[in-house]
Amino acid sequence: MTVAEIEAWLRQEDPKQLEQLWQSADQIRRDHVGDAVHLRGLIEISNRCVRACWYCGIRKDNKNIERYRMTADEVLQSAQLAKRLGYGTVVLQAGEDPGLSEPWVSNIVQRIQSDTGLAVTLSLGERKPHELRAWRQAGADRYLLRFETSDSALFAKIHPALGHSSRDRFAILAELRDLGYEVGSGFLIGIPGQSYASLAQDLLRCRALGLDMIGVGPWLAHPETPLGLGMVPPLAAGEQVPADERMTLKCVALLRKLCPNANLPATTALATLDGHAGREHALQSGANVVMPNVTPIQYRALYEIYPGKACVSEAAEVCAQCLAGRIASLGRHIGTGPGGKTLD
Ligand code: SAM
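Peer 1: Outline the overall build of the protein, listing residues and values.
Peer 2: Scanning the protein from terminus to terminus reveals 13 helices and eight strands. Over its C-alpha atoms the protein spans a radius of gyration of 19 Å, differing by no more than 12% from the 20 Å that the globule rule assigns to 344 residues. Its C-alpha atoms put the protein at 50 × 45 × 40 Å along the principal axes. The burial tally for the protein puts 56% of its 344 residues in the buried class. For the protein, the exposed surface amounts to about 13,600 Å²; the carbon and sulfur share of it is 53%. In the protein, 37 positive and 38 negative side-chain charges are present, and the distance between their average locations comes to 2 Å.

Peer 1: So what about the nonpolar core? Which residues, and what values?
Peer 2: Core analysis: the largest hydrophobic core is formed by 94 residues, its most contacted members being Leu10, Leu92, Leu122 and Phe187. In terms of residues, this core owes the most to one element, helix α9 (residues 245–258), which gives eight residues. In contact with leucine 92, other than residues within four places in its own chain, are Ile43, Ile45, Val75, Ile108, Ile112, Val120, Thr121, Leu122, Ser123 and Leu124. In terms of nonpolar packing, the next biggest core, distinct from the first, is built from six residues, Leu42, Leu144, Val289 and Met291 among them.

Peer 1: An account of the pattern of salt bridges is needed here, citing residue identities and associated values.
Peer 2: All told, the structure shown has 22 salt bridges when counted by the stated rule. Notably, a salt bridge pairs arginine 11 with glutamate 7, separated by 3.4 Å at the nearest N-O pair. Residue arginine 11 and its partner glutamate 7 are located together in helix α1 (residues 3–11), separated by four residues, close to a single helical turn. Through salt bridges with shared partners, one network takes in Arg51, Glu96, Glu126, Glu148 and Arg169.

Peer 1: Got a sec to walk through the side chain of glutamate 245? Specific residues and values, please.
Peer 2: Relative to the helices and strands, glutamate 245 resides in helix α9. A polar contact is formed between the side chain of glutamate 245 and the side chain of histidine 281, at a distance of 2.8 Å. If near-sequence neighbours (up to four positions away) are discounted, glutamate 245 is found in contact with Leu270, Leu273, Asp274, Gly278 and His281.

Peer 1: Outline the packing of aromatic side chains, supporting the account with residue identities and numerical values.
Peer 2: Taken as a whole and assessed by the stated rule, the structure comprises four aromatic pairs. The interplanar angle of 15° and the centroid separation of 4.5 Å between the aromatic rings of tyrosine 68 and tyrosine 299 together place this pair among those described as stacked. With tyrosine 68 in the loop between β1 (36–46) and α3 (72–84) and tyrosine 299 in helix α12 (residues 297–300), this pair connects stretches of sequence that are 231 residues apart. Residue classification places tyrosine 68 among the buried positions, given a relative accessible area of 4%. For tyrosine 299, a relative accessible area of 14% corresponds to the buried category. Through a chain of ring-to-ring contacts, the aromatic side chains of Phe147, Phe170 and Phe187 assemble into a single cluster. Its guanidinium or amino end placed over the ring of tyrosine 181, arginine 136 lies 5.8 Å from that ring's centre, counting from NZ or CZ. Taking NZ or CZ as reference, arginine 205 lies 4.1 Å from the ring centre of phenylalanine 170, over its face.

Peer 1: Talk me through the packing of helix α2 (residues 15–33) against α9; I want residue IDs and the actual numbers.
Peer 2: The axes of two packed helices give the description: the angle between them and the distance between them. The interhelical angle for the contact between α2 and α9, taken along N-to-C directions, is 40°, at an axis separation of 9 Å. One finds that α2 runs oblique with respect to α9. The two elements α2 and α9 cross, and the hand of that crossing is left-handed. For the pair α2 and α9, contact is made by Leu18, Leu21, Trp22, Ser24, Ala25, Ile28, Arg29 and Val33 and by Arg246, Leu249, Lys250, Ala253, Leu254, Arg256 and Lys257, respectively. Broken down by class, the residue content of the contact of α2 with α9 amounts to nine nonpolar, one polar and five charged.

Peer 1: Tell me about unusual backbone geometry, and please be specific about residues and values.
Peer 2: Phi is positive for glutamate 148, which is not a glycine, with a value near 70°. Judged by its relative accessible area of 9%, glutamate 148 is buried. A positive phi angle, close to 60°, is found at cysteine 311, a residue other than glycine. Here cysteine 311 is to be found in the loop between α12 and α13 (316–329).

Peer 1: How would you explain the site of the ligand if you had to name every residue and give the values?
Peer 2: In the vicinity of the ligand lie 18 residues, with Tyr55, Ala94, Arg146, Glu148 and Leu220 positioned nearest. A distance of 2.9 Å is found between a nitrogen atom of the ligand and a backbone nitrogen or oxygen belonging to alanine 94. Partitioned by chemical class, the residues of the shell around the ligand number 11 nonpolar, four polar and three charged.

Rules used in this analysis
Residues numbered from 1 in each chain as written. Predicted model: local features only at pLDDT ≥ 70, side-chain atom pairs only at ≥ 80, totals over all residues. Heavy atoms only, no water. Helix = DSSP H or I, 4+ residues; strand = E, 2+ residues; numbered from the N terminus. Rg over C-alpha atoms; globule rule 2.2 N^0.38 Å. Buried < 20%, exposed > 50% of the residue type's maximum accessible area, 1.4 Å probe, protein only. Areas by Shrake-Rupley, 256 points an atom, 1.4 Å probe, with all protein chains shown as cover. Lys, Arg positive; Asp, Glu negative; His and termini not counted. Charge placed at Lys NZ, Arg CZ, Asp CG, Glu CD. Core = buried A, V, L, I, M, F, W, Y, C linked by side-chain atoms within 4.5 Å. Contact = heavy atoms within 4.5 Å. Salt bridge = Lys/Arg side-chain N within 4 Å of Asp/Glu carboxyl O. Polar contact = N/O pair within 3.5 Å; in protein donor to acceptor, adjacent residues only side chain to side chain. Phe/Tyr/Trp six-rings, centres within 6.5 Å; stacked < 30°, edge-to-face > 60°. Lys NZ or Arg CZ within 6 Å of the ring centre and 35° of its normal. Axes fitted to C-alpha atoms, helices over the stretch in contact; angles between N-to-C directions. Parallel < 35°, antiparallel > 145°, perpendicular 65-115°, else oblique. Left-handed = near helix turned anticlockwise from the far one by under 90°. Nonpolar A, V, L, I, M, F, W, Y, C, P; charged D, E, K, R; others polar. Near = heavy atom within 4 Å.

So far we have only geometry, and geometry alone does not tell us how the molecule works.
This is the structure in structure tokens:
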């Protein structure tokens, strides 16, 4: 697909044409990665963050949230819960928190793997090369770091640099690949200032990066952030990408066409926009992964990257049952094992 064709799809509003897009992406998903939906248990291990990303509710400048960092035992208990619920992977996600030191993370990766045998994915931000290397050596299987937008001017505006330690995310993604991680990335949809042309480039960038997993979701305004307060005005109507469900589904479907073998999650941000059927719509438009939350209930609401996050108050067991029903209602089944490159 050319950039012009992608942009035309992003602007497409004809329901019949869109129906064809969802159906063809669904067929490619079936042919390449099958009917299994892989579940990754998400553990939000810390909401402390040294960064000031203009969209994110846990940015360091937000003084209106209580900060937490889980203990190693709490993380391990959450991983054990994920194992009991039948999930093949846990994802340890956090703000960029130097308090999650290299040895601490290495140790928890080893403990999770020896206790549960689960695959471990890390999503801990722009960490130093020696940390990424040590965690890979400790056994971490995958690393997720979204590039957020491939428009370098927009990226620079909404990601204030952190002195000398700020690093180019594409360079980090290349490092992760060299270290032998399965690499995940992705972008935000509908950030103020994001044009259709730039979103088309984001999609093509995912293909060029040869990603193993691609997570995309709508930007959701958080009132304690510069973007939520309107500090970047949207482009003119017709140029600004909307942060809505339809645009997210278009991106998921186009990603399945561009990257047929990738793992594509139906994201929580989409489920937050449409709690009734957002995940189902994504699973019918190319997605094959869901990341149910197994963070202890007392911390969930504090990991408020955007308001109204889906599934904040349900116990993990309730989420697991709810998801199993939703997946079965689509004629799909839950994947077994880690669901990595080999999609076992
Ligand atoms: N600190 C790590 C990092 O930056 O990669 C992981 C945590 S970060 C909160 C995870 C993802 O949340 C980001 O990549 C971003 O795309 C998403 N996110 C943050 N704020 C958001 C918002 N207001 N709306 C939608 N997604 C958001």
